[in-house]
Amino acid sequence: MYKSFYKLSKNPFQQNADPAFFFDSASHKRAKAYLRYGLAHGEGFVVVTGAPGTGKTMLVKELAQFLKKDNVVCIGSLVTSNVGAEDTLRMLAATFGVFYELDDSKAALLNRIETFFKDKAKQGKRVLLIVDEAQNLPRQSIEELRMLSNFEWEGKIIFQTFLMGQEELGQTLFSPDMEQVRQRVVATYQLKSLTEQETKDYILFRMEKAGWSGGDLFSDDIFPLIYKFTCGVPRRINSLCDRLLLFGFLEELKEIGAQAVKKVISEIKNDYKSMAKTSKKENIAGVPETQSVAVSVENPDLARKVELLEQRVQELSDKLTKEQALLRKAILIQLDMGDVYSDD
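Residues numbered from 1 in each chain as written. Predicted model: local features only at pLDDT ≥ 70, side-chain atom pairs only at ≥ 80, totals over all residues. Heavy atoms only, no water.

Caption draft 1: Main features of the packing of aromatic side chains. Under the counting rule described, the total for this entry stands at 11 aromatic pairs. Measuring from centroid to centroid gives 5.7 Å for F5 and F249, while their planes differ by 70°, and the two rings are edge-to-face. With F5 in the segment before α1 (26–41) and F249 in helix α10 (residues 234–250), this residue pair connects regions lying 244 residues apart in the sequence. The pair F5 / F249 is uniform in exposure class, with both members buried. (Phe/Tyr/Trp six-rings, centres within 6.5 Å; stacked < 30°, edge-to-face > 60°. Helix = DSSP H or I, 4+ residues; strand = E, 2+ residues; numbered from the N terminus. Buried < 20%, exposed > 50% of the residue type's maximum accessible area, 1.4 Å probe, protein only.)

Caption draft 2: Inspection of the sheet that holds strand β6 (residues 159–165) at higher detail. Pairing is parallel across the open sheet formed by 5 strands, whose spatial order is β2-β3-β6-β1-β7. One side of each edge strand has no neighbouring strand; the edge strands of this open sheet are β2 (73–79) and β7 (185–191). Shown here is a sheet whose adjacent strand axes are inclined to one another by a mean of 15°, direction ignored. Here strand β1 (residues 45–50) runs beside β7; their pairing, made up of 6 bridges, is parallel. Of the residues in β7, the one forming a bridge with V48 is Y189. The strands that helix α3 (residues 85–95) touches are β2, β3 (126–132) and β6; relative to β2, the one it contacts most, it runs at about 130°. Sheet strands touched by helix α4 (residues 106–122): β2, β3 and β6. Its angle to β3, the strand with the most contacts, is close to 125°. (Pairing = 2+ DSSP bridges. Axes fitted to C-alpha atoms, helices over the stretch in contact; angles between N-to-C directions. Contact = heavy atoms within 4.5 Å.)

Caption draft 3: Fine view of the packing of α3 against α4. Their axes nearest at 11 Å, the elements α3 and α4 cross at an angle of 30°. The hand of the α3/α4 crossing is left-handed. Contacts between α3 and α4 involve E86, L89, R90, L92 and A93 from the former and K106, L109, L110, I113 and F117 from the latter. The class makeup of the residues in the contact of α3 with α4 is 7 nonpolar, no polar and 3 charged. (Left-handed = near helix turned anticlockwise from the far one by under 90°. Nonpolar A, V, L, I, M, F, W, Y, C, P; charged D, E, K, R; others polar.)

Caption draft 4: Spatial organisation of helix α9 (residues 222–230). Considered for burial, the residues of α9 that qualify are I222, F223, I226 and T230. One face of α9 carries all of its buried residues, which in axial projection span an arc of 95°. Two residues or fewer after α9 comes C231, characterised by a positive phi angle close to 60°. (Arc of directions from axis to C-beta.)

Caption draft 5: Representation of the environment of Y189. Here Y189 shows up in strand β7. What makes Y189 buried here is its relative accessible area of 11%. With 142 residues separating them along the chain, Y189 and V47 place their C-alpha atoms 6.4 Å apart. Residues within four places of Y189 in sequence aside, it is in contact with S27, R30, A31, Y34, V47, V48 and T49. A distance of 3.1 Å separates a polar atom in the side chain of Y189 from a polar atom in the side chain of S27. (Polar contact = N/O pair within 3.5 Å; in protein donor to acceptor, adjacent residues only side chain to side chain.)

Caption draft 6: Structural detail: the pairing of β3. Across the 7 residues that make up β3, a large majority, 7, are buried. Across the two faces of β3 the burial is the same, with R126, L128, I130 and D132 and V127, L129 and V131 all buried. Pairing analysis gives 7 bridges linking β2 to β3, with the strands arranged parallel. Across the sheet, residue G76 finds its bridge partner in β3, namely L129. Examined bridge by bridge, β3 and β6 share 5 bridges and lie parallel to one another. The residue of β6 that forms the bridge with I130 is F162.

Caption draft 7: View of unusual backbone geometry. Even without being glycine, E133 reaches a positive phi, approximately 55°. Exposure remark for E133: the relative accessible area of 23% places this residue in the partly exposed category. Backbone geometry places E154, a non-glycine residue, at a positive phi of 55°. Judged by relative accessible area, which is 64%, E154 ranks as exposed.

Caption draft 8: Broad picture of the packing of α9 against α10. The interhelical angle for the contact between α9 and α10, taken along N-to-C directions, is 130°, at an axis separation of 9 Å. Considered as vectors, α9 and α10 are oriented oblique to each other. Note that α9 runs across α10; the crossing there is right-handed. Counting all contacts with α9, which are made through I226, F229 and T230, the residues of α10 involved are R236, I237, L240, C241 and L244. In terms of residue class, the contact of α9 with α10 is made up of 6 nonpolar, 1 polar and 1 charged. (Parallel < 35°, antiparallel > 145°, perpendicular 65-115°, else oblique.)

Caption draft 9: The pattern of salt bridges, seen in detail. Applying the stated criterion to the full structure yields 13 salt bridges. Residues E144 and K106 are paired through a salt bridge, measuring 2.4 Å at the closest nitrogen-oxygen approach. Of the two residues, E144 sits in helix α5 (residues 139–148) while K106 sits in helix α4, which places them 38 residues apart along the sequence. Between D177 and R139 there is a salt bridge whose closest N-O contact spans 3.3 Å. Remark: R139 occurs in helix α5 and D177 occurs in the loop between α6 (167–173) and α7 (179–182); sequence separation between them is 38 residues. (Salt bridge = Lys/Arg side-chain N within 4 Å of Asp/Glu carboxyl O.)

Scope: geometric values only; no functional claims are made or implied.
Following this line, the structure appears as structure tokens:
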């Protein structure tokens, strides 16, 4: 919507992980170094953890781009859900295109997977599985991957796993019953958020990747505010900056300063409060609950009047909120239609 206004070729703060927008922060460089060290090691597990939104999926896609140039490694990327051990094996087989029958026993499935690994080894390749959102893997599924790491051909390990997940993954791996898995871990790293300077560099980097020609669009005083609100988490930065550019477009701002950032942050906070308030009001039956001011039971008439007044105020407030939301949607739809007819 704001691309034409700011002369951008694409959305600079899209939420999907596009390797073209990979930003090499100090933490991401270090994570890449650990991954490549593990790759050179050629066996076992490499584990990278991080809080939601810190860029693990982006790191996976950047690594996959890098490995496409490597004819020695056959890679498969798998995004996990909470599935059982045998389902994990089936997902792995599907990821690598290994044919199997739906009624295959576990032994038959393992045999098909091992045959695939050995066929690749005969071609001079080894197999790498990159598991994203690996915190969803049950312990038994991780144990199955450990067992696969035992497969060899001519004395060489032919299967390796990279586990990418949230901090809970580290907690799982360091539980007492995971000792055998820990012994197979060759490298671990915890991905960190961006620093304040990196937050500024990240925003400008993504803008330039989206076709921004530079200039005085952003005043210097906005970056500390953005960093404070987002804590340097890339996904949060993307969300805030996307809304900031939309706000700038709607207000026709040629320069975005601190006041604009404060306004957008305030709107986001109010949105969160409204959602929390709505959620709190709704009970299991979906019936709104009201909060009553403490009124003496000695005056029941007054208490009833106050209760009715509170209900009326709440009804008007809810109606106003809904009307504002509908008005906002109508404006955005109208703007979208304008973009359809003005673009291309």
